[in-house]
Amino acid sequence: MLDPSTAVVALRLKDATSWWDGVNESPVWQDRIFHLLAALYGIVAVVALVQLVRIQLRVPEYGWTTQKVFHFLNFLVNGVRCLVFVFRRDVQKLNPEIIQHIVLDMPSLAFFTTYALLVLFWAEIYYQARAVSTDGLRPTFYTINGVVYAIQIILWLVLWWKPVPVLIILSKMFFAGVSLFAALGFLLYGGRLFLMLQRFPVESKGRRKKLQEVGYVTTICFSCFLIRCIMMCFNAFEAAADLDVLDHPVLNFIYYLLVEILPSSLVLFILRKLPPKRGITQYHPIR
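Residues numbered from 1 in each chain as written. Predicted model: local features only at pLDDT ≥ 70, side-chain atom pairs only at ≥ 80, totals over all residues. Heavy atoms only, no water.

**As for the layout of surface pockets**
So, point 1. As a volume, the second largest pocket reaches approximately 330 Å³.
So, point 2. Elements that contribute at least two residues to the lining of the second largest pocket include exactly α5 (97-129), α6 (137-161) and α7 (165-198).
So, point 3. Sorting elements by how many residues they give to the lining of the second largest pocket places α7 first, with six residues. (1 Å grid on protein atoms, 1.4 Å probe; cavity = no way out; pocket = protein on both sides within 12 Å on 5 of 7 lines; lining within 4 Å. Points joined across faces, edges and corners; volume = space filled by probe spheres on them. Helix = DSSP H or I, 4+ residues; strand = E, 2+ residues; numbered from the N terminus.)

**Re unusual backbone geometry**
Among all residues except glycine, the phi angle is most often negative; among peptide bonds, the trans geometry is most common.
So, point 1. Here N95 and P96 are connected by a cis peptide whose omega angle stands at 0°.
So, point 2. By secondary structure assignment, the location of P96 is in the loop between α4 (88-92) and α5.
So, point 3. Within the chain, A131 stands out as a residue other than glycine whose phi angle is a positive 60°.

**Let's talk about the packing of aromatic side chains**
So, point 1. Tallied over the full model, the rule gives 15 aromatic pairs.
So, point 2. Seen from their ring centres, F111 and Y115 are 4.7 Å apart, and the 40° between their planes marks the pair as tilted. With F111 and Y115 both in helix α5, this residue pair falls four residues apart, about one helical turn.
So, point 3. Exposure remark for F111: the relative accessible area of 2% places this residue in the buried category.
So, point 4. Take Y115: its relative accessible area is 1%, and that puts it in the buried class.
So, point 5. Taken together, the aromatic side chains of F70, F111, Y115, W122, F186 and F225 make up a single cluster linked through ring pairs. (Phe/Tyr/Trp six-rings, centres within 6.5 Å; stacked < 30°, edge-to-face > 60°. Buried < 20%, exposed > 50% of the residue type's maximum accessible area, 1.4 Å probe, protein only.)

**Comments concerning empty space enclosed by the protein**
So, point 1. Enumeration according to the criterion identifies two cavities of 30 Å³ or more in this entry.
So, point 2. In this structure, the largest cavity occupies an estimated 180 Å³ of space.
So, point 3. In this structure, the largest cavity is lined by 18 residues; those nearest its centre are D105, F175, M232, N235 and D244.
So, point 4. Elements supplying a minimum of two residues to the lining of the largest cavity: α5, α6, α7, α8 (207-237) and α9 (249-270).
So, point 5. Broken down by class, the residue content of the lining of the largest cavity amounts to nine nonpolar, four polar and five charged.
So, point 6. Lining the second largest cavity we find S108, L109, F112, F175, V178, S179, F225 and R228.
So, point 7. Residues belonging to the lining of the second largest cavity are distributed by class as follows: five nonpolar, two polar and one charged. (Nonpolar A, V, L, I, M, F, W, Y, C, P; charged D, E, K, R; others polar.)

**Description of the UniProt feature "transmembrane region" (unreviewed entry) in the protein**
So, point 1. Those residues carrying the UniProt feature "transmembrane region" (unreviewed entry) are residues 33-57, 69-88, 108-127, 139-161, 173-195, 216-237 and 253-271 in this numbering.
So, point 2. Along residues 33-57 the backbone is 100% helical and 0% strand, and the end-to-end C-alpha distance reaches 36 Å.
So, point 3. For residues 216-237, the helix share is 100%, the strand share is 0%, and the end-to-end C-alpha distance is 32 Å. (UniProt positions renumbered as here; feature names shortened; annotations may be inferred.)

**A word on the pattern of salt bridges**
So, point 1. For the structure shown, the criterion picks out five salt bridges.
So, point 2. A salt bridge links R89 to D31; the shortest N-O distance between them is 2.8 Å. Residue R89 is found in helix α4, and its partner D31 is found in helix α2 (residues 27-58); the two are separated by 58 residues along the sequence.
So, point 3. Taking relative accessible area as the criterion, D31 reaches 27% and is therefore assigned partly exposed.
So, point 4. Residue E124 is joined to R138 by a salt bridge in which the shortest nitrogen-to-oxygen separation is 2.9 Å. On the criterion of sequence distance, the pair formed by E124 in helix α5 and R138 in helix α6 is long-range, its members being 14 residues apart. For the residue pair E124 and R138, the accessibility class agrees, reading buried in each case.
So, point 5. Each member of the salt-bridge network shares a partner with another, and the members are R81, R228 and E260. (Salt bridge = Lys/Arg side-chain N within 4 Å of Asp/Glu carboxyl O.)

**Some words on the environment of Q198**
So, point 1. Following the sequence through the fold, Q198 ends up in helix α7.
So, point 2. In sequence terms Q198 and R208 are ten residues apart; their C-alpha atoms lie 8.6 Å from each other.
So, point 3. If near-sequence neighbours (up to four positions away) are discounted, Q198 is found in contact with R207 and L211. (Contact = heavy atoms within 4.5 Å.)

**Observations regarding the state of the cysteines**
So, point 1. Applying the stated rule across the entire model yields zero disulfides.
So, point 2. Between C224, a cysteine without a disulfide, and C221, which holds the nearest cysteine sulfur, the sulfur-to-sulfur distance is 5.5 Å. (Disulfide = S-S within 2.5 Å.)

**So, the packing of helix α3 (residues 66-86) against α5**
So, point 1. Look at α3 against α5: their axes get within 9 Å of each other, and the N-to-C directions meet at 160°. Considering their axes alone, α3 and α5 lie roughly antiparallel with respect to each other. Like other packed secondary-structure pairs, α3 and α5 cross with a definite hand, here left-handed. Together, T66, V69, F70, L73, N74, V77, V80, R81 and V84 of α3 and V103, L104, P107, S108, A110, F111, T113, T114, Y115, L117, L118 and F121 of α5 make up the contact between the two elements.
So, point 2. When the residues that make up the contact of α3 with α5 are grouped by side-chain class, the tally is 15 nonpolar, five polar and one charged. (Axes fitted to C-alpha atoms, helices over the stretch in contact; angles between N-to-C directions. Parallel < 35°, antiparallel > 145°, perpendicular 65-115°, else oblique. Left-handed = near helix turned anticlockwise from the far one by under 90°.)

Encoded structure:
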């Protein structure tokens, strides 16, 4: 005979499972959750666009600086995600199936590029402060992104030619590896920059605020890419954790909220300060 407390726990677990399954299998709740995700992505996209316009109005004499490109890419990634979730049911019907993978995965690649740009910016600041040449950083950034996109395109083409399950697993594990690489990049250069700022004199102008900014952004971005890496590993090997299906809306909501919406919102808020109009030395144009 079951202990009363054990029976209560089992009943609660059963109710929770029933609720989870009920939401996942309900077309109404699927649409509500996906439209909520679309609305959240839309808000983040608008915020990034507004910030881009504000920066352009503040320093119109400068071209496509790192800061402007970062906000533009944020607008682009979140805008595309918004449209994907608005038309989520139509995306699920696209044929051949490889188009579904491209539509769902391309924003993730663009998200990686967006935040890799932030790592590049910090690396440039760090090496310039140490009087080390930064000439090789941008070519390295372009090369890494080129290799990542090339590998993913090859995987898509092979999947199109022969859609076998092992290739889908390989594609998801590739995303997991890319996310882990990004997380380590933030840990390396965000950590280095944070430690370097700590050694500045306490009375240095803006030291404390910049220290907090780097510390917060490093923690947020490292955490979001690490969570993405772990979730993609589960996604690759566990059918119950599949993010590419309509009947897992709750999991989709939790995943995208943690790895894209919340991190992007927090980073945009932390980096909301406008550059000064004159004499800006930390501005780096994209060449």
